[in-house]
Amino acid sequence: VSGMDSRASDFCCLQVEVCQNPTSTARTTAVTECVQRFLQHSNKTVFGDICLTEFEDEFLTQHVQSVSICDTDLVLGCGGNKPAVSLADAQLDIHVFQLHEDDGPAAETIDEQEEEISAASHWLLPSAEFQGLWNNLIYDMNVKEKLLQYATTTLLFSDRNVDGNIVSWNRVILLHGPPGTGKTSLCKALAQKLCIRFSK
């Protein structure tokens, strides 16, 4: 820890996803404050993504399933020379969410010549069915990171009412490839990730 580049801690914002127990009725602000205290007083140093599931704090044990520091590649960079980041010094962007424990997607059908054809499937997000899907998708290039940055920037532009005549960007993403390469899974995982990130 002594050789840590302090500048990495001073200027980075780490994304923290907190999965609250489905039966918990604790307020989001209370969970956020408790997780903030827990991480900043833990004396932990982060070199990449981590997921914590065991806590000494009684409140966290009762109300939280997991605390994940994720997508550090976007902040610390890819490869083996990532700087160490002290949680006590880093800025933490905490997202608290509860998973929907449903029995699968709701189906939307259309009638075609006296036969019902499935047109779409709907999930309540964030869904327990998609939990962990983002981390399990492995690609040769950093497709996930680029896609997440693109979607986040696009939503930010929309939220800030950026004039499309002044700042233009492509609003269409085309995923192509043979069947079974993870296109649908990537869309599901991205929808889950964005739902968690923009739940505030």
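Remember, predicted model here, so these are calculated numbers, not experimental data. (Residues numbered from 1 in each chain as written. Predicted model: local features only at pLDDT ≥ 70, side-chain atom pairs only at ≥ 80, totals over all residues. Heavy atoms only, no water.)

Draft legend 1. Highlighting the layout of surface pockets. Roughly 360 Å³ of internal volume is contained in the largest pocket. Lining of the largest pocket is provided by 13 residues; of these, Gln15, Asp93, His95, Thr152 and Arg197 occupy positions nearest its centre. Elements supplying a minimum of two residues to the lining of the largest pocket: strand 1 (13-20), helix 4 (73-76), strand 6 (91-98) and helix 6 (143-159). Partitioning the lining of the largest pocket into residue classes produces five nonpolar, four polar and four charged. (1 Å grid on protein atoms, 1.4 Å probe; cavity = no way out; pocket = protein on both sides within 12 Å on 5 of 7 lines; lining within 4 Å. Points joined across faces, edges and corners; volume = space filled by probe spheres on them. Helix = DSSP H or I, 4+ residues; strand = E, 2+ residues; numbered from the N terminus. Nonpolar A, V, L, I, M, F, W, Y, C, P; charged D, E, K, R; others polar.)

Draft legend 2. Spotlight on a negative patch on the surface. The grouping of Asp111, Glu112, Glu115 and Glu116 at the surface amounts to a negative patch. With respect to the helices and strands, Glu112 occurs in the loop between strand 7 (106-111) and strand 8 (116-122). (Patch = residues over 30% accessible without salt bridge, like charges linked within 9 Å, V, L, I, M, F, W, Y side chains within 5 Å. Areas by Shrake-Rupley, 256 points an atom, 1.4 Å probe, with all protein chains shown as cover. Salt bridge = Lys/Arg side-chain N within 4 Å of Asp/Glu carboxyl O. Lys, Arg positive; Asp, Glu negative; His and termini not counted. Charge placed at Lys NZ, Arg CZ, Asp CG, Glu CD.)

Draft legend 3. The arrangement of the nonpolar core in detail. In terms of nonpolar packing, the biggest core is built from 22 residues, with Leu14, Val16, Val18, Val35, Leu39 and Val67 touching the most fellow members. Within the residue set of this core, elements represented by two or more residues are strand 1, helix 2 (28-40), strand 4 (64-70) and strand 6. The leading source of residues in this core is helix 2, at four residues. Sequence-distant contacts of Val35, that is, excluding residues within four places in its chain, are made with Val16, Val18, Leu60, Val67 and Ile94. Residues Leu133, Trp134, Ala151 and Leu194 belong to the second largest nonpolar core, which totals eleven residues. (Core = buried A, V, L, I, M, F, W, Y, C linked by side-chain atoms within 4.5 Å. Buried < 20%, exposed > 50% of the residue type's maximum accessible area, 1.4 Å probe, protein only. Contact = heavy atoms within 4.5 Å.)

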